Amino acid sequence: MVRHLQREIERLKKRVLALCADVEKNVAMATRAVGEQDKELAQKVIDSDLGVDGIEVEIEEECLKILALHQPVAIDLRVIIAILKINNDLERIGDLAVNIAERAIYLATQKPLADKFDFPTMTDKVTAMLRKGVDALVSMDATAAYKVCEADDEVDELNRHMYNLVDSLISEGRKEGHTLMHLLSVSRHLERIADHATNIAEDVIYMITGDIVRHHIEDYTGSVQ
Amino acid sequence: MEAVAQDKTQAEPEGMAEKRSAVGGVEFVQPLNAEADTDRAPHVQSREFSIFYRDNEAVKKVSLDILSRCVTAIIGPSGCGKSTFLRAINRMNDLIPGSSTSGRLLFDGQDVYGKTIDVTVLRKKVGMVFQKPNPFPKSIFDNIAYGPRLHGTTNRGELRQVVERSLQQAALWDEVKDRLEQNALGLSGGQQQRLCIARALAVEPEILLMDEPTSALDPKATARIEDLVSELRGTYTIIIVTHNMQQAARVSDFTVFLYEGVLIEYGDTRQLFTNPTEKHTEDYITGRFG
């Protein structure tokens with residue numbers, strides 16, 4: 001009975017890993033679509049979100065089945081609860097990738113700006129957080145999860161930088177106000193994705209340690225070995 | 001038997017529960033995460049308490065406090081000493097040839113195995129319900145009235161009140177009020193077990209010991225008994241031995257995990273079943289062994 005439960009949990013982890021890979025790919029494609037003004041690439045992201053939503057529902061149903069049939073306790077219960085929550089965060093990240101893609105479709109109709117909006121760097125950091133958070137789930141590594149939480153500050157800083165840049169350009173009287181606001185939205189969406197990746201890491205920490213750290217993570221980060 | 005001197009060099013289970021206290025040089029365990037509640041004074045306390053069946057130490061130097069008017073579940077694999085520990089509280093082990101104890105077991109601060117203890121009075125205050133329902137081959141009324149009669153109640157009116165009150169408390173009154181003179185053996189298994197609980201309650205105990213009270217019952221009867229335990233909590237101190245971990249999780253406030261006679265962990269049930277302190281506890285409750 002226990003082996004059966006363990007097999008189901010391992011299968012569930014693999015599905016979450018696969019969902020994370022899909023969502024990570026969509027985030028990267030969406031920001032590439034912004035930078036390259038590629039409408040078709042953006043549309044691909046929007047079309048693939050239906051699949052992401054479907055997988056999210058399947059994973060949730062699988063979790064509910066395990067809870068009903070196996071009544072797990074302790075670490076097994078925490079794994080299922082963490083997966084339920086991480087699943088939800090991944091689906092939200094998928095939605096945010098769609099939001100970025102929709103911005104890309106608008107921006108593709110506009111003249112590109114010469115100003116430096118370093119979305120690739122921001123995207124790399126965000127997708128790395130996402131990947132490392134889910135890896136920490138699979139490898140049960142709380143230290144790696146704490147490091148993901150620490151990385152959120154860097155993304156927040158990049159978003160602030162984007163905001164300041166847009167603010168200064170608008171103050172200079174630049175006429176591309178709509179374009180600038182859409183670019184700022186992209187930055188904001190990436191910052192929200194990083195927040196969701198942090199949530200995932202916090203859920204992994206809960207799964208491993210049993211501690212709910214999400215409202216006071218600053219008490220735990222900074223001292224990670 | 002004399003209380004043994006505490007051996008400080010004795011190895012203790014690794015990573016023992018954190019909330020340890022010491023009284024008279026003897027360390028004991030209080031349940032982790034017990035809410036600070038002045039009503040929850042310890043009702044039963046063991047201090048380095050061991051139980052022997054001849055040379056076999058079935059329960060090994062267990063020190064813990066069981067809190068008043070709470071439900072405490074004792075879990076562990078077969079042969080770990082759960083029922084042995086339970087039976088020590090009302091000295092039912094005295095009936096087993098070759099059994100002996102060391103250390104101390106206190107009930108309301110008095111040594112249960114002290115020379116001045118009247119075992120009959122003890123067993124009035126510490127009632128017991130067993131795995132297999134064991135109604136007497138008498139009427140329902142006489143089953144319940146047996147204990148009070150033994151303790152001196154002879155007035156029929158008083159006995160009738162005691163019988164009704166006890167059957168009400170055991171959630172059985174409505175089902176049997178019109179057939180109190182019928183033989184108790186005609187009741188269903190679940191009803192017989194509630195009758196046994198009513199019989200224990202009739203002598204107004206302080207503690208109710210329940211040794212796997214539902215393992216012989218069907219799911220519906222089990223649910224009725226568990227509901228009853230929930231209702232009785234707050235009035236009586238209930239200690240329940242169970243093999244069914246979901247039951248322990250459902251009905252108890254605190255859970256004790258014994259393994260091979262040793263206390264491994266004792267804590268708030270919610271905490272123990274979501275995030276136990278000891279790996280050994282986690283392995284047991286998740287079914288990785290046992």
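Refer to the preceding data block for the structure.
All of the points below concern the structure found in this document. Predicted model, so just to flag it, every value in this text is computed and none were measured.

Some remarks on the overall build of chain A
Now for step 1: Helix and strand content of chain A: 6 helices and 0 strands.
Now for step 2: Sequence-ordered secondary structure for chain A, helices as α and strands as β, is α-α-α-α-α-α.
Now for step 3: Here chain A has a C-alpha radius of gyration of 19 Å; the compact-globule value for 225 residues is 17 Å, and the two agree.
Now for step 4: A buried classification covers 47% of the 225 residues belonging to chain A.
Now for step 5: Of the contacts formed within chain A by residues at least 6 apart in sequence, a portion of 86% connects residues at least 24 apart.
Now for step 6: When the accessible surface of chain A is split by element, carbon and sulfur atoms take 52% of a total near 10900 Å².
Now for step 7: Separation between the mean location of the 27 positive side-chain charges and that of the 41 negative ones in chain A comes to 3 Å.

Let's talk about helix α1 (residues 82–89) of chain B
Residues and elements named next belong to chain B.
Now for step 1: Most of α1 is tucked away, with 7 of its 8 residues classed as buried.
Now for step 2: Among the residues of α1, those classed as buried are Lys-82, Ser-83, Thr-84, Phe-85, Leu-86, Ala-88 and Ile-89.
Now for step 3: Arg-91 occupies a position one or two residues after α1 and carries a positive phi of about 60°.

Describing the interface of chain B and chain A
Now for step 1: Each partner contributes residues to the interface: chain B has 10 residues there, and chain A has 11 residues.
Now for step 2: Each partner contributes to the roughly 880 Å² buried at the junction of chain B and chain A, and carbon and sulfur atoms together form 51% of this total.
Now for step 3: Looking at the side of chain B facing chain A, the largest losses of area belong to Thr-274, Asn-275 and Arg-288 of chain B, adding up to 44% of the total buried there.
Now for step 4: Counting the contacts that link chain B with chain A gives 1 salt bridge.
Now for step 5: The partner of Arg-288 of chain B in a salt bridge is Asp-76 of chain A, with the nearest N and O atoms 3.2 Å apart.
Now for step 6: The tally of links between chain B and chain A comes to 6 residue pairs in polar contact (both at pLDDT 80 or more).
Now for step 7: Mapped onto the side of chain B that touches chain A, the elements with two or more residues apiece are α9 (269–274) and α10 (279–285) of chain B.
Now for step 8: Of the residues that constitute the side of chain B that touches chain A, the class distribution is 3 nonpolar, 5 polar and 2 charged.

Notes on the packing of helix α2 (residues 39–70) of chain A against helix α3 (residues 74–107) of chain A
To describe two helices that pack against each other, one gives the angle between their axes and the distance between the axes.
Residues and elements named next belong to chain A.
Now for step 1: Packing of α2 against α3 leaves a shortest axis separation of 9 Å and a crossing angle of 165°. One element, α2, and the other, α3, form an angle in the roughly antiparallel class. Where α2 crosses over α3, the handedness of that crossing is left-handed.
Now for step 2: Of the residues belonging to the contact of α2 with α3, the class tally is 17 nonpolar, 4 polar and 8 charged.

Cut-offs applied
- Residues numbered from 1 in each chain as written.
- Chains lettered and ligands numbered in written order.
- Predicted model: local features only at pLDDT ≥ 70, side-chain atom pairs only at ≥ 80, totals over all residues.
- Heavy atoms only, no water.
- Helix = DSSP H or I, 4+ residues; strand = E, 2+ residues; numbered from the N terminus.
- Rg over C-alpha atoms; globule rule 2.2 N^0.38 Å.
- Buried < 20%, exposed > 50% of the residue type's maximum accessible area, 1.4 Å probe, protein only.
- Contact = heavy atoms within 4.5 Å.
- Areas by Shrake-Rupley, 256 points an atom, 1.4 Å probe, with all protein chains shown as cover.
- Lys, Arg positive; Asp, Glu negative; His and termini not counted.
- Charge placed at Lys NZ, Arg CZ, Asp CG, Glu CD.
- Buried area = accessible area lost by both parts, 1.4 Å probe.
- Salt bridge = Lys/Arg side-chain N within 4 Å of Asp/Glu carboxyl O.
- Polar contact = N/O pair within 3.5 Å; in protein donor to acceptor, adjacent residues only side chain to side chain.
- Nonpolar A, V, L, I, M, F, W, Y, C, P; charged D, E, K, R; others polar.
- Axes fitted to C-alpha atoms, helices over the stretch in contact; angles between N-to-C directions.
- Parallel < 35°, antiparallel > 145°, perpendicular 65-115°, else oblique.
- Left-handed = near helix turned anticlockwise from the far one by under 90°.

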